[in-house]
Amino acid sequence: IGTDTFQICQGQYTIFESLYPASTYNWNFNGAVINPGSVKQTPAQQFNTPGLFPITLNLTTDCCGLGPTETIYLLVTRNPTATGSGGVSICSGQSTTLTLSGLTATDSVVWSPSFNIMSSTNNSITVKPTSTTTYIASIYSKNTLGSRTLINCPISISFPLTVNSNPVINLLAT
(Lines give C-alpha, C1' and ligand atoms only; values in the text may rest on other atoms or scores of the structure.)
Protein backbone atom coordinates (compact mmCIF):
# COMPACT_ATOMS: atom_id res chain seq x y z
CA ILE A 1 0.00 0.00 0.00
CA GLY A 2 2.83 2.35 0.93
CA THR A 3 6.22 2.41 2.59
CA ASP A 4 4.71 2.71 6.07
CA THR A 5 1.36 0.90 5.59
CA PHE A 6 0.96 -2.85 5.44
CA GLN A 7 -2.10 -4.94 4.70
CA ILE A 8 -3.26 -8.33 5.97
CA CYS A 9 -6.57 -10.15 5.91
CA GLN A 10 -8.69 -10.61 9.02
CA GLY A 11 -7.56 -13.74 10.87
CA GLN A 12 -4.00 -13.75 9.52
CA TYR A 13 -0.93 -13.86 11.73
CA THR A 14 2.06 -11.55 11.56
CA ILE A 15 5.31 -10.84 13.40
CA PHE A 16 6.92 -7.45 14.01
CA GLU A 17 10.61 -6.92 14.72
CA SER A 18 12.82 -3.98 15.60
CA LEU A 19 15.89 -3.62 13.40
CA TYR A 20 17.79 -1.96 16.24
CA PRO A 21 19.13 -3.34 19.53
CA ALA A 22 17.81 -1.72 22.70
CA SER A 23 17.55 -2.33 26.42
CA THR A 24 13.72 -1.94 26.34
CA TYR A 25 11.13 -2.08 23.60
CA ASN A 26 7.74 -0.44 24.05
CA TRP A 27 5.26 -1.71 21.42
CA ASN A 28 1.77 -0.22 21.11
CA PHE A 29 -0.71 -1.98 18.82
CA ASN A 30 -3.52 0.44 19.68
CA GLY A 31 -6.12 -2.23 20.37
CA ALA A 32 -5.44 -4.41 17.33
CA VAL A 33 -3.91 -7.11 19.57
CA ILE A 34 -2.51 -7.28 23.10
CA ASN A 35 0.79 -5.42 23.45
CA PRO A 36 3.57 -8.05 23.63
CA GLY A 37 5.83 -6.43 26.23
CA SER A 38 9.51 -5.56 25.92
CA VAL A 39 10.63 -7.88 23.10
CA LYS A 40 12.75 -7.21 20.01
CA GLN A 41 10.54 -9.52 17.93
CA THR A 42 6.87 -9.97 18.70
CA PRO A 43 5.41 -13.47 18.76
CA ALA A 44 3.11 -14.36 15.85
CA GLN A 45 -0.21 -12.71 16.61
CA GLN A 46 -3.57 -13.17 14.94
CA PHE A 47 -5.37 -10.00 13.87
CA ASN A 48 -9.14 -10.59 14.03
CA THR A 49 -10.48 -7.03 14.12
CA PRO A 50 -10.73 -5.19 10.79
CA GLY A 51 -9.48 -1.59 10.74
CA LEU A 52 -6.48 0.68 10.23
CA PHE A 53 -4.19 0.48 13.25
CA PRO A 54 -1.16 2.67 14.00
CA ILE A 55 1.58 0.50 15.49
CA THR A 56 4.24 2.35 17.41
CA LEU A 57 7.61 1.37 18.84
CA ASN A 58 9.75 3.30 21.32
CA LEU A 59 13.27 2.10 22.04
CA THR A 60 15.35 2.86 25.11
CA THR A 61 19.08 2.28 24.86
CA ASP A 62 21.80 2.40 27.52
CA CYS A 63 23.75 5.04 25.65
CA CYS A 64 21.07 7.39 24.41
CA GLY A 65 17.95 6.90 26.53
CA LEU A 66 14.51 7.10 24.98
CA GLY A 67 14.56 7.28 21.19
CA PRO A 68 11.94 8.76 18.86
CA THR A 69 8.63 6.98 18.29
CA GLU A 70 8.50 4.96 15.08
CA THR A 71 5.04 4.43 13.58
CA ILE A 72 3.77 2.12 10.87
CA TYR A 73 0.17 1.37 9.94
CA LEU A 74 -1.49 -2.01 9.64
CA LEU A 75 -4.66 -2.33 7.57
CA VAL A 76 -6.58 -5.42 8.64
CA THR A 77 -9.22 -6.00 5.97
CA ARG A 78 -12.40 -7.96 6.51
CA ASN A 79 -12.99 -11.29 4.89
CA PRO A 80 -16.09 -11.82 2.77
CA THR A 81 -18.80 -13.67 4.69
CA ALA A 82 -20.69 -15.27 1.81
CA THR A 83 -22.04 -18.82 1.89
CA GLY A 84 -23.19 -21.02 -0.95
CA SER A 85 -26.04 -23.36 -1.82
CA GLY A 86 -27.14 -25.24 -4.87
CA GLY A 87 -27.74 -28.58 -6.52
CA VAL A 88 -25.33 -31.36 -5.66
CA SER A 89 -26.59 -33.94 -8.12
CA ILE A 90 -28.54 -33.65 -11.38
CA CYS A 91 -29.44 -35.91 -14.26
CA SER A 92 -27.77 -35.50 -17.62
CA GLY A 93 -29.45 -32.71 -19.59
CA GLN A 94 -30.76 -30.90 -16.52
CA SER A 95 -29.71 -27.51 -15.22
CA THR A 96 -29.36 -26.21 -11.67
CA THR A 97 -28.79 -22.87 -9.98
CA LEU A 98 -25.85 -22.24 -7.66
CA THR A 99 -26.46 -19.36 -5.25
CA LEU A 100 -24.35 -17.20 -2.94
CA SER A 101 -25.83 -15.57 0.17
CA GLY A 102 -24.34 -12.88 2.39
CA LEU A 103 -22.62 -10.81 -0.29
CA THR A 104 -22.14 -7.13 0.45
CA ALA A 105 -22.10 -4.19 -1.95
CA THR A 106 -18.28 -4.21 -1.87
CA ASP A 107 -17.92 -7.90 -2.83
CA SER A 108 -17.25 -9.08 -6.36
CA VAL A 109 -17.52 -12.67 -7.62
CA VAL A 110 -15.64 -14.60 -10.30
CA TRP A 111 -17.02 -18.03 -11.24
CA SER A 112 -14.97 -20.83 -12.72
CA PRO A 113 -15.02 -22.78 -14.89
CA SER A 114 -16.81 -20.44 -17.22
CA PHE A 115 -18.27 -23.06 -19.55
CA ASN A 116 -21.82 -24.48 -19.48
CA ILE A 117 -23.13 -21.38 -17.67
CA MET A 118 -26.60 -20.62 -19.02
CA SER A 119 -27.25 -17.40 -17.08
CA SER A 120 -25.84 -15.41 -14.19
CA THR A 121 -26.71 -12.65 -11.75
CA ASN A 122 -24.63 -10.93 -9.06
CA ASN A 123 -25.16 -13.81 -6.64
CA SER A 124 -25.99 -16.88 -8.74
CA ILE A 125 -25.33 -18.87 -11.87
CA THR A 126 -27.50 -21.40 -13.65
CA VAL A 127 -25.40 -24.21 -15.11
CA LYS A 128 -26.03 -27.19 -17.37
CA PRO A 129 -22.85 -29.25 -17.25
CA THR A 130 -22.44 -32.30 -19.46
CA SER A 131 -20.25 -34.12 -16.93
CA THR A 132 -19.46 -33.99 -13.21
CA THR A 133 -17.91 -30.57 -12.51
CA THR A 134 -16.89 -28.49 -9.51
CA TYR A 135 -17.81 -24.83 -9.89
CA ILE A 136 -15.89 -22.35 -7.74
CA ALA A 137 -17.04 -18.89 -6.71
CA SER A 138 -14.06 -16.67 -5.85
CA ILE A 139 -15.29 -13.74 -3.79
CA TYR A 140 -13.16 -10.61 -3.44
CA SER A 141 -13.76 -7.84 -0.98
CA LYS A 142 -13.16 -4.25 -2.05
CA ASN A 143 -11.88 -1.78 0.55
CA THR A 144 -11.15 1.91 0.26
CA LEU A 145 -8.13 3.56 1.83
CA GLY A 146 -8.05 7.26 1.11
CA SER A 147 -8.52 7.60 -2.64
CA ARG A 148 -7.36 4.04 -3.36
CA THR A 149 -9.62 1.02 -3.86
CA LEU A 150 -8.02 -2.22 -2.70
CA ILE A 151 -9.17 -5.66 -3.81
CA ASN A 152 -8.19 -8.22 -1.24
CA CYS A 153 -9.11 -11.04 1.09
CA PRO A 154 -10.52 -13.56 -1.37
CA ILE A 155 -12.43 -16.62 -0.27
CA SER A 156 -13.50 -19.52 -2.46
CA ILE A 157 -16.69 -21.54 -2.22
CA SER A 158 -16.81 -24.86 -4.06
CA PHE A 159 -19.95 -26.33 -5.59
CA PRO A 160 -19.28 -29.99 -6.51
CA LEU A 161 -21.94 -31.00 -8.99
CA THR A 162 -22.44 -34.63 -10.01
CA VAL A 163 -24.07 -35.32 -13.37
CA ASN A 164 -25.78 -38.72 -13.33
CA SER A 165 -26.59 -40.69 -16.47
CA ASN A 166 -30.25 -40.85 -17.37
CA PRO A 167 -31.77 -44.22 -16.59
CA VAL A 168 -32.27 -46.60 -19.47
CA ILE A 169 -35.55 -48.49 -19.43
CA ASN A 170 -35.87 -51.73 -21.32
CA LEU A 171 -39.30 -53.28 -21.69
CA LEU A 172 -39.51 -56.96 -22.38
CA ALA A 173 -42.62 -58.82 -23.39
CA THR A 174 -43.17 -62.05 -21.56
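Predicted model only: the values in this text are computed from it and were never measured.

Caption draft 1: Quick look at the sheet that holds strand 12 (residues 117-120). Taken in spatial order, the 4 strands of this open sheet run 8-10-13-12, and their pairing is antiparallel. The open sheet is flanked by strand 8 (83-86) and strand 12, the only strands paired with a single partner. The mean angle between the axes of side-by-side strands here comes to 20°, regardless of whether they run parallel or antiparallel. Pairing analysis gives 4 bridges linking strand 8 to strand 10 (residues 96-101), with the strands arranged antiparallel. When the bridges of strand 10 are listed, Ser85 appears paired with Thr99.

Caption draft 2: Molecular detail of the side chain of Thr96. For Thr96, the position within the fold is in strand 10. Once residues within four sequence positions are removed from consideration, Thr96 is found in contact with Gly87, Ile90, Ile125, Thr126, Val127 and Leu161.

Caption draft 3: Here's a closer look at the pattern of salt bridges. Enumeration according to the criterion identifies 1 salt bridge in this entry. As a salt-bridge pair, Asp107 and Arg78 come within 2.9 Å of each other at their nearest N and O atoms. One end of the pair, Asp107, is in strand 11 (residues 107-112); the other, Arg78, is in the loop between strand 7 (70-77) and strand 8, with 29 residues separating them in the sequence. Given the relative accessible area of 13%, Asp107 is considered buried.

Caption draft 4: Structural detail: the sheet that holds strand 15 (residues 148-164). The sheet built from 4 strands is open, its strands ordered 9-15-14-11 with mixed pairing. Single-partner strands in this sheet number two, and they are strand 9 (89-91) and strand 11. Shown here is a sheet whose adjacent strand axes are inclined to one another by a mean of 30°, direction ignored. In this structure, strand 14 (residues 133-145) lies alongside strand 15, joined through 12 bridges in antiparallel fashion. Within strand 15, the residue paired with Tyr135 across the bridge is Phe159.

Caption draft 5: The arrangement of the environment of Ser101 in detail. Within the element layout of this structure, Ser101 appears in strand 10. Given a relative accessible area of 36%, Ser101 falls into the partly exposed group. Separated by 23 residues in sequence, Ser101 and Ser124 have C-alpha atoms that sit 9.0 Å apart. Among all residues touching Ser101, those that are not within four sequence positions of it are Thr81, Ala82 and Thr83.

Scoring rules and cut-offs
Residues numbered from 1 in each chain as written. Predicted model: local features only at pLDDT ≥ 70, side-chain atom pairs only at ≥ 80, totals over all residues. Heavy atoms only, no water. Pairing = 2+ DSSP bridges. Helix = DSSP H or I, 4+ residues; strand = E, 2+ residues; numbered from the N terminus. Axes fitted to C-alpha atoms, helices over the stretch in contact; angles between N-to-C directions. Contact = heavy atoms within 4.5 Å. Salt bridge = Lys/Arg side-chain N within 4 Å of Asp/Glu carboxyl O. Buried < 20%, exposed > 50% of the residue type's maximum accessible area, 1.4 Å probe, protein only.

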